Amino acid sequence: MISEAMAGASALKTAFDMAKALKDINDAATRNAAVIELQEKILSAQQAQFEMSKRVDELEKELAAIKSKADERNRYQLKDYGAGTFAYELKPAESRGEPHHRACAKCFNEGKISILQFSHKTEGQDWFDCRRCDHNQAFGVRVRRDTDYSHHSDF
Ligand SMILES: [Zn+2]
């Protein structure tokens, strides 16, 4: 990009200098050769300018894609669902009509927003599946059922 801009500017400078020198060339053949060389310089400057505007167009599209991705990510915030179990959660103010949902923290950190699907509830925890990374995760504090009946001696 920079080298194309330099080449374009340098070709234009040369063309300008050549155009200035043209009036001092009295010999027709020499002048015609100089005109052809001048046209070549102008063409190469046009080519460099064309390459640059093409590149600017590509970069604008890339930037728009990055901005829209960042905008999408900013709709979520990391939330602790208890006992250090994390997921990204859609901010209520950013819902834009979508229902409340959680997004997989692993996928989010890989730059993808993947909605977690509720699976089941067990031992006080909610289990969610991520369809993208096939991870199932428990949220909340695990409450172990008391299966030790040894202290129930009065029966
Ligand atoms: Zn995931």
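Residues numbered from 1 in each chain as written. Predicted model: local features only at pLDDT ≥ 70, side-chain atom pairs only at ≥ 80, totals over all residues. Heavy atoms only, no water.

A. Focus on the domain arrangement of the protein chain. For the protein chain, the assigned domains read domain 1 (2-72) and domain 2 (74-139). Spacing between the C-alpha centres of domain 1 and domain 2 amounts to 52 Å. In this assembly, four residues from domain 1 lie in contact with six residues from domain 2. Summed over both partners, the interface of domain 1 with domain 2 buries about 460 Å², with 30% contributed by carbon and sulfur atoms. If you sort the residues of domain 1 by the area they bury against domain 2, Lys 69, Asp 71 and Glu 72 come out on top, with a joint share of 88%. For the pair domain 1 and domain 2, the number of links is two salt bridges. Across the salt bridge formed by Arg 75 and Glu 72, the nearest N and O atoms sit 2.9 Å from each other. Taken together, the links from domain 1 to domain 2 amount to four residue pairs in polar contact (both at pLDDT 80 or more). The class makeup of the residues in the side of domain 1 that touches domain 2 is one nonpolar, no polar and three charged. (Domains from an automatic or database assignment. Contact = heavy atoms within 4.5 Å. Buried area = accessible area lost by both parts, 1.4 Å probe. Salt bridge = Lys/Arg side-chain N within 4 Å of Asp/Glu carboxyl O. Polar contact = N/O pair within 3.5 Å; in protein donor to acceptor, adjacent residues only side chain to side chain. Nonpolar A, V, L, I, M, F, W, Y, C, P; charged D, E, K, R; others polar.)

B. The arrangement of the sheet that holds strand β3 (residues 102-103) in detail. One open sheet holds the three strands; their spatial order is β1-β2-β3, and the pairing between them is antiparallel. Single-partner strands in this sheet number two, and they are β1 (76-80) and β3. (Pairing = 2+ DSSP bridges. Helix = DSSP H or I, 4+ residues; strand = E, 2+ residues; numbered from the N terminus.)

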